[in-house]
Amino acid sequence: CQVIAVPAVCSCGLLQILEHSSARCVLSAGEELVLMIAAICHDVDHDGFTNSYHTSSHSQLAQRYNDKSVQENHHCALTFQLLRTNGNLLGRFSERAEWQAARRLLVDAILSTDMHGHFALTQELQKHGPVFSPDIEADRALLVRAILHAADISNPLRPWPGALAGAERVHAEFQHQAAQERQQELPVAPHMEASDPAVWARMEVEFIDYVVGPYWGRLSQFFPALQQPLQQMYDNRAKFMAMAQPGPPPSASADDSSSSSPSALTFFTGSGRRPRSRGEPQHQQQGLLSSLCEQPAGVASAVDGRGRRCEGSSDDASSSDHAAGSSPADDATAGNCAEQPGKCTA
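Conventions used here
Residues numbered from 1 in each chain as written. Predicted model: local features only at pLDDT ≥ 70, side-chain atom pairs only at ≥ 80, totals over all residues. Heavy atoms only, no water. Helix = DSSP H or I, 4+ residues; strand = E, 2+ residues; numbered from the N terminus. Buried < 20%, exposed > 50% of the residue type's maximum accessible area, 1.4 Å probe, protein only. Contact = heavy atoms within 4.5 Å. Areas by Shrake-Rupley, 256 points an atom, 1.4 Å probe, with all protein chains shown as cover. Axes fitted to C-alpha atoms, helices over the stretch in contact; angles between N-to-C directions. Parallel < 35°, antiparallel > 145°, perpendicular 65-115°, else oblique. Left-handed = near helix turned anticlockwise from the far one by under 90°. Nonpolar A, V, L, I, M, F, W, Y, C, P; charged D, E, K, R; others polar. Phe/Tyr/Trp six-rings, centres within 6.5 Å; stacked < 30°, edge-to-face > 60°. Core = buried A, V, L, I, M, F, W, Y, C linked by side-chain atoms within 4.5 Å. Salt bridge = Lys/Arg side-chain N within 4 Å of Asp/Glu carboxyl O. Lys, Arg positive; Asp, Glu negative; His and termini not counted. Arc of directions from axis to C-beta. pLDDT = per-residue confidence, 0-100.

1. Considerations on the overall build of the chain
Next up, step 1: Helix and strand counts for the chain stand at 16 helices and 2 strands.
Next up, step 2: Here the chain holds 346 residues, and 49% of them are scored as buried.
Next up, step 3: Partitioning the intrachain contacts of the chain with sequence separation of at least 6 by distance along the chain shows that 78% fall at a separation of at least 24.
Next up, step 4: For the chain, the accessible area works out to roughly 15900 Å², and carbon and sulfur atoms hold 52% of it.

In structure tokens:
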């Protein structure tokens, strides 16, 4: 199995979500493989322009995909083109029904990264019960979409130097699009021209308050280990708020010991123990994607949710902080790792 790893926030964020939470207890190995492919490929060949630009400019992509999730449809189509010509990781789903289920899951996952559907996905999570069941296909499909989207918008939860650098690149991209829109005499949204750091820093605060914070907060109720990086998000919010005020901006130096909370460093650097997949020896703590690729085809093809066993989930340690009262988060953890402490068996 040969996979080219790209330094993407989404791929790293997704890997850490899987390694630190009991979400692996719900998903099959095949579904994890699909999820990792989606994380790596969800922005493949992105041209730096938004869907609204493509629809306004009547681009070839917009015409091809009828103005609907233009970029995401392009990423998805190209992903399957690459899979067909580079070993086809989905080829391990030997049965036609399994391959079709894997394809459907991958398509839905990548399309879920369209920010146009963010609030609808948030509502789905709000309405969902406290437990994701490994025996319910709809639960697993929702969890795949929810985790990928969480990783895709996880930049504000990174240690401060990375979060700041990511925000700067996004707003530079916005400014480039705004210049192109003016050149083509297209409508320009005011926030796309925010070149003043104080202005776009305030936009980052609002992005945290109205988009990332509520979404990650809800997801962490299902998997309490995901509460770890939230403190870093609050720290970053304070720094972006300081940037929006008169005075010297916060330092972006990685040497600033106050710039990254210990919990976020632990979460995003991957230290700590991850749950093991079925068939993986206890001493063999390999990287997630390589372990998936090396598992027998029968295990990876379990798209129906069977064949999943997790041990030593770090959610168990995190959930102990909430043991004082019975909360939805506790119930979710108990439901997602119900058989024994530290062990999940589908």
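Let's pick the thread back up.
2. Structural notes on the packing of helix H7 (residues 118-127) against helix H8 (residues 137-152)
Next up, step 1: Axis separation between H7 and H8 bottoms out at 11 Å; the angle between their running directions is 125 degrees. As far as their axial angle goes, H8 and H7 are oblique. Viewed along their axes, H7 and H8 form a crossing whose handedness is left-handed. Contact residues: His 118, Leu 121, Glu 124 and Leu 125 in H7; Leu 142, Arg 145, Ala 146 and His 149 in H8.
Next up, step 2: Each residue belonging to the contact of H7 with H8 can be placed in one class, and the counts come to 4 nonpolar, 2 polar and 2 charged.

3. Re the packing of aromatic side chains
Next up, step 1: Here the structure, examined in full by the defined rule, presents 5 aromatic pairs.
Next up, step 2: Ring centres of Trp 160 and Phe 240 lie 4.9 Å apart, and the angle between their planes is 65 degrees; this geometry places the pair in the edge-to-face category. Here Phe 240 lies in helix H11 (residues 230-243) and Trp 160 lies in helix H9 (residues 160-183), a separation of 80 residues in the sequence.
Next up, step 3: Of the residues examined, Phe 240 reaches a relative accessible area of 1% and is grouped as buried.
Next up, step 4: Joined through ring pairs, the aromatic side chains of Phe 132, Phe 222 and Phe 223 make up one cluster.

4. Observations regarding the nonpolar core
Next up, step 1: One finds Leu 14, Ile 147, Trp 216 and Phe 240 to be the most contacted residues of the largest nonpolar core, which totals 59 residues.
Next up, step 2: Take this core: its biggest share by element is 11 residues, from helix H10 (residues 197-222).
Next up, step 3: Sequence-distant contacts of Leu 14, defined by excluding residues within four places in its chain, comprise Leu 35, Met 36, Ala 39, Ile 147, Leu 148 and Ala 151.

5. Observations regarding the pattern of salt bridges
Next up, step 1: In total, this model carries 7 salt bridges according to the counting rule given.
Next up, step 2: The salt bridge partner of Glu 193 is Arg 182, with a shortest N-O separation of 2.7 Å. Separated by 11 residues along the polypeptide, Glu 193 in the loop between H9 and H10 and Arg 182 in helix H9 bring together distant segments of the chain.
Next up, step 3: Judged by relative accessible area, which is 51%, Arg 182 ranks as exposed.

6. Observations regarding unusual backbone geometry
Next up, step 1: Even without glycine at this site, His 58 takes up a positive phi of about 55 degrees.
Next up, step 2: Considering the arrangement of structural elements, one finds His 58 in the loop between helix H3 (51-57) and helix H4 (60-64).
Next up, step 3: Here the phi dihedral of Glu 185 falls at roughly 60 degrees; this positive angle occurs in a residue that is not glycine.
Next up, step 4: If you trace the backbone, Glu 185 turns up in the loop between H9 and H10.

7. Section: the side chain of Glu 181
Next up, step 1: With respect to the secondary-structure elements, Glu 181 resides in helix H9.
Next up, step 2: The charged side chain of Glu 181 is buried without a salt bridge, its nearest counter-charge being Arg 182 at 7.6 Å.
Next up, step 3: In contact with Glu 181, other than residues within four places in its own chain, are Tyr 53, Leu 186, Pro 187 and Val 188.

8. Focus: the side chain of His 54
Next up, step 1: With respect to the helices and strands, the residue His 54 is situated in helix H3.
Next up, step 2: Its relative accessible area of 5% is what places His 54 among the buried residues.
Next up, step 3: With residues near it in sequence (within four places) discarded, His 54 still touches Asp 47, Phe 49, Ser 59, Leu 61, Ala 62, Val 70 and Gln 71.

9. Brief notes about the packing of H7 against H10
Next up, step 1: Two elements in contact, H7 and H10, have axes separated by 10 Å at closest approach and are oriented at 25 degrees. Between H7 and H10, the crossing angle belongs to the class labelled roughly parallel. Considering the relative orientation of H7 and H10, their crossing is left-handed. Facing H7, whose interface residues are His 118, Phe 119, Leu 121, Thr 122, Leu 125 and Gln 126, H10 presents Tyr 210, Val 211, Tyr 215, Arg 218, Leu 219 and Phe 222.

10. Details of the environment of Pro 187
Next up, step 1: Structurally, Pro 187 is set in the loop between H9 and H10.
Next up, step 2: Exposure remark for Pro 187: the relative accessible area of 61% places this residue in the exposed category.
Next up, step 3: Counting along the chain gives 134 residues from Pro 187 to Tyr 53, while the straight-line C-alpha distance between them is 8.9 Å.

11. Quick look at H7
Next up, step 1: Listed in full, the buried residues belonging to H7 are His 118, Leu 121, Thr 122 and Leu 125. Viewed along the axis of H7, the buried residues span an arc of 105 degrees, placing them on a single side of the element. Exposed and facing more than 90 degrees away from the buried side of H7 are Phe 119, Ala 120 and Lys 127.
Next up, step 2: In this fold, the buried residues of H7 make contact with H8 and H10.

12. A few points about the confidence of the model for the chain
Next up, step 1: Per-residue pLDDT for the chain has a mean of 76; in total, 66% of the residues score no lower than 70.
Next up, step 2: Taken as a whole, residues 1-7 scores under 50 in pLDDT and shows 8 contacts with residues more than four places along the chain or in a different chain.
Next up, step 3: Segment residues 269-335: pLDDT under 50, and 152 contacts once partners within four positions in sequence are set aside and those in other chains are kept.

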